[in-house]
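Results of the structural survey
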Amino acid sequence: MWTTLESEEQLAAIRQRSFDHPVVIFKHSTRCPTSGMVKSRLERSVSPEGWEFYYLDLIRYRPVSNRIAELFGVEHESPQVLLIRNGECVYDESHMAIRMEELAELS
């Protein structure tokens, strides 16, 4: 399900691909139990067909997380999910409000 997001260079490709299909970025803190629960819940859910899903370990790659906030105009939170469409963040949510069903409704 996940493509690992490890570099700021990947963000340009994500932005470009979002013109063809929705791209989801999940920012995960490996130190946070809530983040672990949300990640597990996402992985057990049926994901919308044709979407790309990226996973960012924001403890390990904090500069990438900071760049996401700048690039897409969102405030940093953890856990956090962003839906990128046509080069822009069209939806973001955090903590226990993150649900695959809600993302799917935006398709």
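The structure this text deals with has already been given above.
Residues numbered from 1 in each chain as written. Predicted model: local features only at pLDDT ≥ 70, side-chain atom pairs only at ≥ 80, totals over all residues. Heavy atoms only, no water.

1. Looking at the pairing of strand E3 (residues 52–57)
Keep this limit in mind: Accessible area is worked out with a 1.4 Å probe on protein chains only. A residue is then buried under 20% of its type maximum, exposed over 50%, and partly exposed in between. Only DSSP runs of H or I with at least four residues qualify as helices, and only runs of E with at least two residues qualify as strands; both kinds are numbered from the N terminus onward. By the convention used here, strands pair only if DSSP detects at least 2 bridges between them.
Taken across its six residues, E3 has six buried, putting it largely inside the fold. Judged by which residues are buried, E3 turns out to be covered on both faces: Glu52, Tyr54 and Leu56 on one side and Phe53, Tyr55 and Asp57 on the other are all buried. Looking at chain direction, strand E1 (residues 3–4) and E3 are connected through two bridges and run parallel. The residue of E3 that forms the bridge with Thr4 is Tyr55. As paired elements, strand E2 (residues 23–28) and E3 share six bridges and run parallel to each other. Bridged to Lys27 within E3 is Leu56.

2. Points about the sheet that holds strand E5 (residues 88–94)
What counts here: Contact between two residues is taken to exist if any of their heavy atoms lie within 4.5 Å; hydrogens are not considered. Orientation is described by lines fitted to C-alpha atoms, with helices fitted over the stretch in contact, and by angles between N-to-C directions that extend from 0 to 180 degrees.
Here five strands make up an open sheet; going across it, the order is E1-E3-E2-E4-E5 and the pairing mixed. Since the sheet does not close on itself, it has two edges, and those belong to E1 and E5, each with one partner. With respect to the sheet, helix H3 (residues 62–72) is in contact with E2, E3, strand E4 (80–85) and E5, its orientation differing from that of E2 by roughly 135°.

3. Topic: the pattern of salt bridges
Basically, it comes down to this: Whenever Lys or Arg places a side-chain nitrogen within 4 Å of a carboxyl oxygen from Asp or Glu, that contact is recorded as a salt bridge.
Throughout the structure, instances matching the rule amount to five salt bridges. The salt bridge involving Glu70 is made with Arg67; its shortest N-O contact spans 3.3 Å. One end of the pair, Glu70, and the other, Arg67, are both in helix H3, three residues apart, so they sit about a helical turn from each other. Residue Glu70 is classed as exposed on the basis of its relative accessible area, which comes to 57%. Taking the relative accessible area as the measure of exposure, Arg67 reaches 30% and is therefore partly exposed. Between Glu102 and Arg99 there is a salt bridge, with the nearest N and O atoms lying 3.4 Å from each other.

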